[in-house]
Amino acid sequence: VTIRANSPFKKYGTWSHRTINGHYSGNSFSRFYNRDYGINISYRFGSLKAQVKKTNTTIQNTDMVGGSSNSPPKDTPPPHKTPPQTPSQEPPL
């Protein structure tokens, strides 16, 4: 249960704006009803027993580019990549 009150002691809200631009001067004034009351009631019926089902499938890349596969065969391990050297690791010339 939630009880709310918006501006319970102030019946109206006001807004004013003044514009001055060269020889033009304008004033705007607004008054609006601002008081608000409310009650919210929520109730949950039963309980959520559903679970997210995990999938057993995997993604396989079978795209063909230029008539040959772009990925290595399944039995071949991926090629070893050497990390790039920083300038401090390069041998002197």
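Quick caveat: nothing in here was measured; it's all calculated off a predicted structure. (Residues numbered from 1 in each chain as written. Predicted model: local features only at pLDDT ≥ 70, side-chain atom pairs only at ≥ 80, totals over all residues. Heavy atoms only, no water.)

For Ser 7, which is not a glycine, the phi torsion comes out positive at approximately 50°. By secondary structure assignment, the location of Ser 7 is in the loop between β1 (2-6) and β2 (12-21). (Helix = DSSP H or I, 4+ residues; strand = E, 2+ residues; numbered from the N terminus.)

We now examine the packing of aromatic side chains. If you walk through the whole model with that rule in mind, you get two aromatic pairs. Ring plane angle 80° and centroid distance 6.1 Å describe the contact between Tyr 12 and Tyr 33, whose orientation is recorded as edge-to-face. On the criterion of sequence distance, the pair formed by Tyr 12 in strand β2 and Tyr 33 in strand β3 (residues 24-33) is long-range, its members being 21 residues apart. Classification of Tyr 12 as partly exposed rests on a relative accessible area of 32%. Its relative accessible area of 51% is what places Tyr 33 among the exposed residues. With 5.0 Å between their ring centres and 80° between their planes, Tyr 43 and Phe 45 make a pair best called edge-to-face. We note that Tyr 43, like Phe 45, is exposed. Stacked on the ring of Tyr 12, the Lys or Arg Arg 31 has its end atom at 3.8 Å from the ring centre. (Phe/Tyr/Trp six-rings, centres within 6.5 Å; stacked < 30°, edge-to-face > 60°. Buried < 20%, exposed > 50% of the residue type's maximum accessible area, 1.4 Å probe, protein only. Lys NZ or Arg CZ within 6 Å of the ring centre and 35° of its normal.)

This paragraph deals with the pattern of salt bridges. Tallied over the full model, the rule gives one salt bridge. Note that Arg 4 and Asp 36 form a salt bridge whose closest N and O atoms lie 2.7 Å from each other. A residue pair is termed long-range when its members are at least 10 positions apart, and Arg 4 in strand β1 and Asp 36 in strand β4 (residues 36-40) qualify at 32 residues. We classify Asp 36 as partly exposed; its relative accessible area is 32%. (Salt bridge = Lys/Arg side-chain N within 4 Å of Asp/Glu carboxyl O.)

This part takes up the pairing of β2. Across 10 bridges, β2 lies against β3 in antiparallel orientation. Residue pairing across strands places Asn 21 opposite Tyr 24, the latter belonging to β3. Joining the antiparallel neighbours β2 and β3 is a turn of two residues, in which Gly 22 adopts a positive phi near 65°. (Pairing = 2+ DSSP bridges.)

What is shown is where atoms sit, not what they do.
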